[in-house]
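Chain by chain, the residues run as shown.
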Amino acid sequence: MGSSGTRKYRQKPDFLTIFIVAVLILFGLVCLLSVFASKFDGTEVELARFWERMDFTYFSLQLGNVLISLLIAIPLILIDYRAYKPFVKSVFFGLCIVLGILLIVGEYTRGILGWFQVGSRAFQPSEIAKVALVCVLSKFCSEAADKTGGLRRFWDVLIALAYFAIPFALVLAQPDFGTAMVLLVIFLSVTLSAGISWRYIAIGAAAALVIAPLVYLFLLDNTQKERILVFLDPTRDPSGAGYNVARAKELISSGGFLGKGFFAPGTVAQTGYVPERHTDFIFSGIGEATGMLGSILLILAFFILLFRWLYIAARAQDRFGRCLVVGCTAMIAVHVFENIGMNLGLMPVTGIPLPFISYGGSNMLASLLAAAIVLSVQIHSIRKTPQRLPGGA
C-alpha cells in the first residue's frame, strides 16, 4: 500500500527573490535622485536646504514605471506558468508585427529605430521581445525535448532557430546590436537547457566563426566598428567613441574603496560629467558614490539573485518551467555583465541598461516580467508527495 499520489502544491513566493529585486529597485531610485540633484557643497545642514537640491523629475517617472510594471507583472506570479502555453505563439507573432511596424514608423534615437514616444515616455518593444522569446523558445524546445529526451532532431533545431531568427533579424535591422546579443544568449541558454545535441553546438560554433567577420565587414556601420576598435584599444579615440567609457572609468576610480557617498560634497555625477548617467552609465555614479565596496556588494546581490534563480530552475518539475527560468536568468545576467563591463571598459558600448536600476520603463517592465515568470514557476511547481495510510501508518 505504499503508493504515491501527485497533487498540486503551491509554495510561498521566494522571499530572497522578492527582497533582492525590491532592494535593487529602491537602490536605483536613490541613484536617480543622486545623479540629478544639484551639486552639493557641504552647506546643506538644514532639511529645507537639502530639499532645494533635489530634482524629482526622473525619480517620479521611474516610480511610475515601477508601479505600472508591477501591475502587469504581479498577476503573472499568481497564474500557473503552464497557462502561458496556449498564448505563447499568438504573443510571439503579434510581437513580430509590432516590430515590423516599428521599422516603418518608429523614430531614431541614438542612431537606431526602436522607440515609440507616448507623451513624456518612450516605449521600446524590443525589450518585451526578449521575454516573449524566452516563452516561445521554452514552449517549443521543451515540448520537442519531451518527445525525444532532448533537442536532438535536426528539424526541431531548425524550427527553434527560425523562432529566434525572426525577432533577431528585425532587431538587427534597427540596428540594435546590444538587444540582438541578448536575444542570442537567450536562444543559446534555452536550447542548452532543453538538452540540445552537442553536434549542433559544434556546428553553430563553427558557423559563428565564419559569420562573425562577415557581420563586422558588411553589417556594422562605421560608428559600431569604431566602438569595437576603441574597446580593443581604449587610447584610440578618447575624445570621440571612447569618451563615455573614459569618463565612466575615471568617475568609478574616483570613488576609491568606500566612495564619496550619495548627496555628498565633492561628487561630480550630478554635473553630467558622464553622458547617459541615468541609463547606460548609471554604474559610474554608483561607483563614485559607493566605491569599490559598494560596487562589489551590488554585483554580489545580482550574483545571489541569479544563482537563486538557477536553483529554482534545477528544482522545476517540468522541462518547460526549467527552460523559462533559465531563459529569464540568462536575460538578466547578460544585461548585468554587459552594462557593468562597458562601464569598466571591459565590454564594447552597446546601450544595454542595468536591470532594476537604470532609468527606463521598457526595461523595468521586461525585468519584472522575468522575475514574475521565475516566481510563477517556483510557486506553482508540482511535487510528488507520499499518501498517508489511515491511522498514520
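Residues numbered from 1 in each chain as written. Predicted model: local features only at pLDDT ≥ 70, side-chain atom pairs only at ≥ 80, totals over all residues. Heavy atoms only, no water.

Peer 1: Describe the packing of helix α5 (residues 125-148) against helix α13 (residues 361-379), and please don't skip the residues or the numbers.
Peer 2: At a minimum axis distance of 7 Å, the contact between α5 and α13 shows a crossing angle of 20 degrees. Here α13 runs roughly parallel to α5, going by the angle between their axes. Crossing of α5 over α13 shows right-handed handedness. Residues E127, I128, V131 and C135 of α5 form the contact with α13, whose own contacting residues are S362, N363, L365, A366, L369 and I373. In terms of residue class, the contact of α5 with α13 is built from 7 nonpolar, 2 polar and 1 charged. (Axes fitted to C-alpha atoms, helices over the stretch in contact; angles between N-to-C directions. Helix = DSSP H or I, 4+ residues; strand = E, 2+ residues; numbered from the N terminus. Parallel < 35°, antiparallel > 145°, perpendicular 65-115°, else oblique. Left-handed = near helix turned anticlockwise from the far one by under 90°. Contact = heavy atoms within 4.5 Å. Nonpolar A, V, L, I, M, F, W, Y, C, P; charged D, E, K, R; others polar.)

Peer 1: Please provide a residue-by-residue account of helix α10 (residues 243-254), values included.
Peer 2: With 12 residues, α10 extends 17 Å from end C-alpha to end C-alpha; this agrees with the ideal 16 Å at 1.5 Å per step. As for α10, its buried residues are in contact with α11 (282-315) and α12 (319-343). Phi turns positive, to about 65 degrees, at G256, one or two residues after α10. (Expected span 1.5 Å × (residues − 1).)

Peer 1: I'd like a rundown of the nonpolar core, residues and numbers included.
Peer 2: Counting 91 residues, the largest nonpolar core has W309, L324 and F356 as its most contacted members. Among the elements that take part in this core, α13 stands out by supplying 13 residues, more than any other. Not counting residues up to four positions away in its chain, the partners in contact with W309 are T17, V325, C328, T329, I332, A370, A371 and V374. (Core = buried A, V, L, I, M, F, W, Y, C linked by side-chain atoms within 4.5 Å. Buried < 20%, exposed > 50% of the residue type's maximum accessible area, 1.4 Å probe, protein only.)

Peer 1: Please provide a residue-by-residue account of α13, values included.
Peer 2: Relative to the 27 Å expected for 19 residues at 1.5 Å per residue, α13 spans 26 Å between its end C-alpha atoms, a close match to the ideal helical length. Among the 19 residues in α13, 18 count as buried, and that is most of the element.

Peer 1: A description of the state of the cysteines should follow, citing residues and the corresponding values.
Peer 2: Such a bond, covalent and formed between the sulfur atoms of two cysteines, is termed a disulfide. Counted under the stated rule, the structure contains 0 disulfides. In this structure C135 is not part of a disulfide, and its nearest cysteine sulfur, from C328, lies 6.6 Å away. For C135, a relative accessible area of 13% translates into the label buried. C323 provides the cysteine sulfur closest to C141, a residue in no disulfide bond, and the two sulfurs are 6.4 Å apart. (Disulfide = S-S within 2.5 Å.)

Peer 1: Please provide a residue-by-residue account of the pattern of salt bridges, values included.
Peer 2: Here the structure, examined in full by the defined rule, presents 8 salt bridges. As a salt-bridge pair, R308 and D14 come within 2.5 Å of each other at their nearest N and O atoms. In this pair, R308 is assigned in helix α11 and D14 in the loop between β1 (4-8) and α1 (15-36), connecting sequence segments 294 residues apart. Here R308 falls in the partly exposed class, since its relative accessible area comes to 28%. (Salt bridge = Lys/Arg side-chain N within 4 Å of Asp/Glu carboxyl O.)

Peer 1: Lay out the packing of aromatic side chains in plain terms, naming residues and giving numbers.
Peer 2: All told, the structure shown has 12 aromatic pairs when counted by the stated rule. Seen from their ring centres, F15 and F19 are 5.8 Å apart, and the 20 degrees between their planes marks the pair as stacked. Highlighted residues: F15 and F19, both in helix α1, separated by 4 residues, approximately one helical turn. Overall, F19 belongs to the partly exposed group, its relative accessible area being 44%. Aromatic pair F36 and Y58: ring centres 4.3 Å apart, planes at 10 degrees, arrangement stacked. Of this pair, F36 sits in helix α1 while Y58 sits in helix α3 (residues 57-78), and the two are 22 residues apart along the sequence. For F36, a relative accessible area of 13% puts it in the buried group. Each residue in the set F27, F262 and F263 is aromatic and connected to the rest through ring pairs, giving one cluster. Its end group placed over the ring of F320, K85 keeps NZ or CZ at 4.8 Å from the ring centre. It is R247 that lies over the ring of Y273; its NZ or CZ is 4.0 Å from the centre. (Phe/Tyr/Trp six-rings, centres within 6.5 Å; stacked < 30°, edge-to-face > 60°. Lys NZ or Arg CZ within 6 Å of the ring centre and 35° of its normal.)

Functional significance is not addressed by these values, which are geometric in nature.
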